[in-house]
Amino acid sequence: MSIRILYFARLREDMGIAGEMFELPGEACDVNSLRARLVARGGASATALGQGKAVRVSVNQDLARDDTPVKAGDEVAFFPPVTGG
Amino acid sequence: MAVRVQREDFDIGAEIAAFRRADPGIGAIASFIGLVRDVNEGNAVAGMTLEHYPGMTEKALAGIVAEAKGRWDIVDALVIHRVGELKPLDQIVLVVVTGAHRGAAFAACEFIMDYLKTQAPFWKKEQTAQGARWVEARVADDQAAERWSEPQVK
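Source: prediction; values computed, not measured.

A look at the interface of chain A and chain B
On the chain B side, the residues contacting the 20 residues of chain A number 25 residues. Carbon and sulfur atoms supply 55% of the area buried between chain A and chain B, which totals about 1,900 Å² over both sides. On the chain A side of the interface with chain B, the three residues burying the most area are Val82(A), Thr83(A) and Gly85(A), jointly 36% of the side's total. Close ionic contact of Arg10(A) with Glu136(B) constitutes a salt bridge, the shortest N to O distance being 2.6 Å. At the junction of chain A and chain B, the tally comes to 15 residue pairs in polar contact (both at pLDDT 80 or more). Of all the elements in the fold, those that place two or more residues in the side of chain A that touches chain B are α1 (9-15), β5 (62-63) and β7 (75-79) of chain A. Tallying contributions element by element places α1(A) first for the side of chain A that touches chain B, with four residues.

Take a look at the structure:
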């Protein structure tokens, strides 16, 4: 299945891209397993999204948790803790 | 309810006048204005860039305002947040809450800012003499938002 992924702020800079389409086997997963698959690619993905990094995630523009489901066609964004206001 | 994310500055007087719409049921208006300072974490700040997540940011702000309207007896709330390049002295954010009485208006205004700080997707990158740096999220902001997790008296 195909997932649209977006990166913001420090994560966009660390990844070197603002977003990408990512192919996953199967028809459903969750935020945690999607992140693990991205990290498993190594390189910038492992640096930006690896364990110990403060990363927030949204699915279809709602804040998500590790166990939030992700399905084909979803928009998943990874970003640092927010600092507006 | 009104939520705006914009590059342009805003005129506080004009925004409040337009938002109260000569409604004689409004007896109190509470407002908060956030500004760019020239120092942070001990370093002089020459300017900052505010990034957001178009679509999600507006959705998050609308959700925060809806939550405030559910918790307190207020008439309405307005949030304007700027993005792009900002300098010290510039206005960043405006929150205006209208209500019959001040108590709910004050509380809702503070609640909206505390939740905006911790849940709305905005990120600040500061320019300092030591180079550009992303602003780190503050534990104090999380603690401020936590205060509202207990049900509030209307």
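Remarks on the pairing of strand β2 (residues 19-23) of chain A
All names here are of chain A. The side-chain alternation of β2 yields one buried face, formed by Glu20 and Phe22, and one unburied face, formed by Gly19, Met21 and Glu23. Relative to β2, strand β1 (residues 2-7) is paired through five bridges, and the arrangement is antiparallel. By the bridge assignment for β2, Leu6 is matched with Gly19.

With respect to the nonpolar core
With 33 residues, the main nonpolar core has Trp72(B), Val79(B), Val95(B), Val97(B), Phe111(B), Ile112(B) and Leu116(B) as its most contacted residues. Looking at this core, the elements that each hand over two or more residues are β2 (28-35), β4 (43-52), α2 (56-71), β5 (74-82), β7 (91-99) and α3 (102-119) of chain B. A per-element tally of this core places α3(B) first, with ten residues. With residues near it in sequence (within four places) discarded, Val97(B) still touches Ala28(B), Ile29(B), Ala30(B), Ile74(B), Asp76(B), Ala77(B), Ala105(B), Ala108(B), Cys109(B) and Ile112(B). Met15(A), Val31(A), Leu49(A) and Val59(A) belong to the second-largest nonpolar core, a separate cluster that totals 20 residues.

Focus on unusual backbone geometry
Residues apart from glycine generally show negative phi values, whereas peptide bonds are mostly found in trans. In this structure, Ala9(A) is a non-glycine residue whose phi angle is positive, near 55°. Here Ala9(A) shows up in helix α1. Ala9(A) gets classed as buried once you look at its relative accessible area, which sits at 0%. The backbone of Ala22(B) sits at a positive phi, close to 50°, despite the residue not being glycine. Here Ala22(B) is to be found in the loop between α1 (12-20) and β2. The exposure class of Ala22(B) is exposed, given its relative accessible area of 68%.

A closer look at the sheet that holds β1(A)
Reading across the sheet, the five strands line up as β2-β1-β7-β4-β5 (chain A) and stay open at both edges, with mixed pairing between neighbours. Looking at the sheet topology across the chains shown, the edges are occupied by β2 and β5 of chain A.

Quick notes on the pattern of salt bridges
Tallied over the full model, the rule gives 17 salt bridges over all chains. Lys59(B) is the salt-bridge partner of Asp62(A), the closest N and O atoms lying 3.3 Å from each other. With one member in each of two chains, Asp62(A) in strand β5 and Lys59(B) in helix α2 form a pair that bridges those chains. A relative accessible area of 41% means that Asp62(A) is categorised as partly exposed.

Some points on the packing of aromatic side chains
Summed over all chains, the structure comprises eight aromatic pairs over all chains. Three or more aromatic residues link up through ring pairs in this structure, and these residues are Phe8(A), Phe79(A), Tyr53(B) and Trp123(B). Note that Arg21(B) overlies the ring of Phe19(B), its terminal NZ or CZ placed 5.5 Å from the centroid.

Definitions and limits used
Residues numbered from 1 in each chain as written. Chains lettered and ligands numbered in written order. Predicted model: local features only at pLDDT ≥ 70, side-chain atom pairs only at ≥ 80, totals over all residues. Heavy atoms only, no water. Contact = heavy atoms within 4.5 Å. Buried area = accessible area lost by both parts, 1.4 Å probe. Salt bridge = Lys/Arg side-chain N within 4 Å of Asp/Glu carboxyl O. Polar contact = N/O pair within 3.5 Å; in protein donor to acceptor, adjacent residues only side chain to side chain. Helix = DSSP H or I, 4+ residues; strand = E, 2+ residues; numbered from the N terminus. Buried < 20%, exposed > 50% of the residue type's maximum accessible area, 1.4 Å probe, protein only. Pairing = 2+ DSSP bridges. Core = buried A, V, L, I, M, F, W, Y, C linked by side-chain atoms within 4.5 Å. Phe/Tyr/Trp six-rings, centres within 6.5 Å; stacked < 30°, edge-to-face > 60°. Lys NZ or Arg CZ within 6 Å of the ring centre and 35° of its normal.

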